[in-house]
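Spelled out, the chains give:
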Number of protein chains: 2
Amino acid sequence: MRIVVAVGGNALERSEERGTYEEQTRNVRVACAELVQLLAKGHQLLITHGNGPQVGNLALQQEKARADLPTQPLHVLGAMTQGQIGYMIQQTLQNLAGHARINKSIISIVTQVLVDRSDPAFRNPTKPIGPFYDFEASERLKAERGYMMTKVKPEGVRVYRRVVPSPEPIRIIEAEAIKRLFDEGGVVVASGGGGIPVAMNGEGELEGVDAVVDKDLAAEKLAEAVGAEGLLILTDVEGVKLNFGTTKERSVRQLTVDEARRFLEAGEFLAGSMKPKVQACVSFTVWGGRAAVITSLGKAVESMEGRAGTTFIKA
Amino acid sequence: MRIVVAVGGNALERSEERGTYEEQTRNVRVACAELVQLLAKGHQLLITHGNGPQVGNLALQQEKARADLPTQPLHVLGAMTQGQIGYMIQQTLQNLAGHARINKSIISIVTQVLVDRSDPAFRNPTKPIGPFYDFEASERLKAERGYMMTKVKPEGVRVYRRVVPSPEPIRIIEAEAIKRLFDEGGVVVASGGGGIPVAMNGEGELEGVDAVVDKDLAAEKLAEAVGAEGLLILTDVEGVKLNFGTTKERSVRQLTVDEARRFLEAGEFLAGSMKPKVQACVSFTVWGGRAAVITSLGKAVESMEGRAGTTFIKA
């Protein structure tokens, strides 16, 4: 099956870790070992990944050096993480595929994603990114750089964080080349971190915008663009749970599009977390995708065979 | 003509600049305007670029934040700059090609370059990278991280700098996919900063090494791998000069391989600067390339028509 796989950014840098190269390499290796199993089963893979921890680290490093060097905008940091994570995934997959005698071209593509400046998300930024600040620093950033800041912790000294818009992905700019490489049998890493968000300006030119596109929604757009049959979302829980965090919590193995839509409308799923994953699976199924699956890293192979995770069906 | 174009890292961030996004965007636009002229003449382009200033900035930012966050190894910083610069070139070229009604797929590929750990360069690191340090910090880095440090300024307080090996490029790991996209008419940005240097370890796996491959030598390898007809090296001088910096300085419009080799042996060209460019052009011409040209940004089109720059010929 031709599958778009979305790997969570936290699978690459765990919350309890500091983000050393050794830690990230180890985590990438765990994820890639599983992807190689999918390749060994004969699936074709187009891989996308989150970049939250990595872009946060870069943002902090840029801040710490701002007396010496100018900081780069968020969309440029996103591009940097595509290079960084793309490199790590690509090299590790090449190594593990080599051991498994799977001979495939494996490459990462710098990917932009088109968003619309009139998207309501630009009037209501919701995605927190980068370092935590105290009140004074927060006010300074608002004044100096026009950042939107929000209070994100109930207590503590450094409780403010920058928030940026999370607009809908409209189109993957490099879709054509990605599709071509994928069609020719290559393993492609693309649209990392949801893609570098760009918008069309008054001169008909693309330009970067400081925003974060949800990586699962971008993965779904990519899956449509390349005509994939599967969309596999790997996260840190085994699948969709209803009544999450209550005594009535239960896992679901299968959801119809109608059921999923009702749960979405009822506010069943956490925004920025399970909600966009379910939305992505609904969209992909409605579009005509054969298998949309949410599962945990470690259950990918079983889940593609319907033995774990949550699978979405038309009716 | 199918041309590999190498753009110098200093063309993207000038020495008198701070490296803001606005400055870099402006510089990239100047370079891309020229590349679009080559496209308009019907040439097919595979673009590579330097990353010296950008990787230096990242290294300094990582150092400044090292109390809070782990620093990433040099090869990872190289991967980050491939994302960063690839993104900027790709977006600007897409925009300018659009204005010129040139409809081509334009993409950047994360690229590794194979080097050999037994390359003599590993015993004699020569390439200075990253921030300047005082004696004490230099000694600390030698002890804590095993860095090789060298005194790079005759005077001043901060005179020490890290030096890394600059081994020969053996092979572009992603050459096959790059060739395919190039063959299909795409404009490809690849092997930025000379490529991410990787070596084969005892388990037959690729792993990153802290080294810097000369971008012009890597460009030549890439040109061979994709079967290019032209190698165009854009730098900040108009071409090769003999007796450089003396009263007998003169420009040369054409050099035979034999002449160039004699000048190389006589130590005519500066190591890490004009020398690898001349070496790359000699190798490419010997390999069977039709046109190897060294010229300045701003003279690319004229130089490809033999009206500027220095062109290399077999005999």
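The coordinates are above.
Structure report, in brief. No experiment lies behind these values; they were computed from the predicted model shown. (Residues numbered from 1 in each chain as written. Chains lettered and ligands numbered in written order. Predicted model: local features only at pLDDT ≥ 70, side-chain atom pairs only at ≥ 80, totals over all residues. Heavy atoms only, no water.)

1. Topic: the packing of helix H1 (residues 21–40) of chain B against helix H3 (residues 74–99) of chain B
Residues and elements named next belong to chain B.
- At a minimum axis distance of 9 Å, the contact between H1 and H3 shows a crossing angle of 55°. Judged on the interaxial angle alone, H3 and H1 are oblique. Of the two elements, H1 crosses H3, and the hand of that crossing is right-handed. Note on element contacts: H3 touches H1 through Gln84, Tyr87, Met88, Ile89, Gln91, Thr92, Leu93, Leu96 and Ala97, opposite Tyr21, Gln24, Thr25, Val28, Arg29, Cys32, Ala33, Leu35 and Val36.
- A breakdown of the residues in the contact of H1 with H3 according to their chemical character gives 12 nonpolar, 5 polar and 1 charged. (Axes fitted to C-alpha atoms, helices over the stretch in contact; angles between N-to-C directions. Helix = DSSP H or I, 4+ residues; strand = E, 2+ residues; numbered from the N terminus. Parallel < 35°, antiparallel > 145°, perpendicular 65-115°, else oblique. Left-handed = near helix turned anticlockwise from the far one by under 90°. Contact = heavy atoms within 4.5 Å. Nonpolar A, V, L, I, M, F, W, Y, C, P; charged D, E, K, R; others polar.)

2. Things to note about the sheet that holds strand S6 (residues 148–151) of chain B
All names here are of chain B.
- Sheet architecture is open: 3 strands sit in the order S5-S7-S6, paired in antiparallel fashion. If you trace the sheet from one side to the other, it starts and ends with strand S5 (127–133) and S6, each paired once. Within this sheet the neighbouring strands show an average axis-to-axis angle of 40°, counted without direction.
- Where S6 meets strand S7 (residues 160–164), 4 bridges bridge the pair, whose relative direction is antiparallel. (Pairing = 2+ DSSP bridges.)

3. Let's talk about the relation of the copies chain A and chain B
- Structural alignment of chain A on chain B gives an RMSD of 0.0 Å, achieved by rotating through 180° and translating 0.0 Å along the axis. A rotation of that kind, with that shift, is consistent with a two-fold axis.
- When the interface residues of chain A are mapped onto chain B, 100% of them again fall at the interface, so both copies present the same face. (Least-squares fit on C-alpha atoms with pLDDT ≥ 70 in both.)

4. Examining H1(B)
Residues and elements named next belong to chain B.
- Across its 20 residues, H1 extends 27 Å between first and last C-alpha, which sits within 8% of the 28 Å expected from 1.5 Å per residue.
- For H1, the full list of buried residues reads Tyr21, Glu23, Gln24, Asn27, Val28, Ala31, Cys32, Glu34, Leu35, Val36, Leu38 and Leu39.
- Of the residues one or two after H1, Gly42 is the one with positive phi, at around 100°. (Expected span 1.5 Å × (residues − 1). Buried < 20%, exposed > 50% of the residue type's maximum accessible area, 1.4 Å probe, protein only.)

5. Looking at the interface of chain A and chain B
- On the chain B side, the residues contacting the 54 residues of chain A number 54 residues.
- Together, the buried faces of chain A and chain B total about 4,700 Å²; carbon and sulfur atoms form 56% of this surface.
- Put simply, chain A and chain B have 6 salt bridges between them.
- Measuring nitrogen to oxygen at the nearest pair gives 3.4 Å for the salt bridge that ties Glu184(A) to Arg180(B).
- Our count for the contact surface shared by chain A and chain B stands at 28 residue pairs in polar contact (both at pLDDT 80 or more).
- Considering every element that reaches the side of chain A that touches chain B, the biggest residue donor is helix H3 (residues 74–99) of chain A, with 13 residues.
- When grouped by side-chain class, the residues that make up the side of chain A that touches chain B number 22 nonpolar, 20 polar and 12 charged. (Buried area = accessible area lost by both parts, 1.4 Å probe. Salt bridge = Lys/Arg side-chain N within 4 Å of Asp/Glu carboxyl O. Polar contact = N/O pair within 3.5 Å; in protein donor to acceptor, adjacent residues only side chain to side chain.)

6. Points about the environment of Glu238(B)
Residue and element names in this part refer to chain B.
- Among the structural elements, Glu238 can be located in the loop between strand S12 (230–235) and strand S13 (241–242).
- Spatially, the C-alpha atom of Glu238 lies 16 Å from that of Asp216, the residues being 22 residues apart in sequence.
- Leave out the neighbours within four places in its chain, and Glu238 touches Ile294, Thr295, Ser296, Lys299, Ala308, Gly309 and Thr310.

7. Points about the sheet that holds strand S11 (residues 206–208) of chain B
Residues and elements named next belong to chain B.
- One open sheet accounts for 4 strands, arranged S8-S4-S10-S11; its pairing is mixed. Each edge of the open sheet carries a strand with a single partner, namely strand S8 (171–172) and S11.
- Of the strand pairs in this sheet, strand S4 (residues 112–114) and S8 are connected by 2 bridges, and their pairing is antiparallel. Along S8, the bridge assignment pairs Leu114 with Arg171.

8. What about the environment of Ala315(A)?
- In this structure, Ala315(A) sits in the segment after strand S17 (310–313).
- Distance from Ala315(A) to Leu255(A), taken between C-alpha atoms, is 8.5 Å for residues 60 residues apart in sequence.

9. Thoughts on the pattern of salt bridges
All names here are of chain A.
- As enumerated under the stated definition, the model contains 38 salt bridges over all chains in all.
- The salt bridge involving Glu305 is made with Arg307; its shortest N-O contact spans 2.5 Å.
- Of the residues examined, Glu305 reaches a relative accessible area of 40% and is grouped as partly exposed.
- The network of salt bridges with shared partners includes Glu63, Arg66, Arg140, Glu144 and Arg145.

10. Quick look at the pairing of S7(B)
Residues and elements named next belong to chain B.
- With 5 of its 5 residues buried, S7 lies for the most part within the structure.
- Burial of the side chains of S7 extends over both faces: Tyr160, Arg162 and Val164 are buried on one face and Arg161 and Val163 on the other.
- Note that S5 and S7 share 5 bridges and pair antiparallel. Of the residues in S7, the one forming a bridge with Lys127 is Val164.

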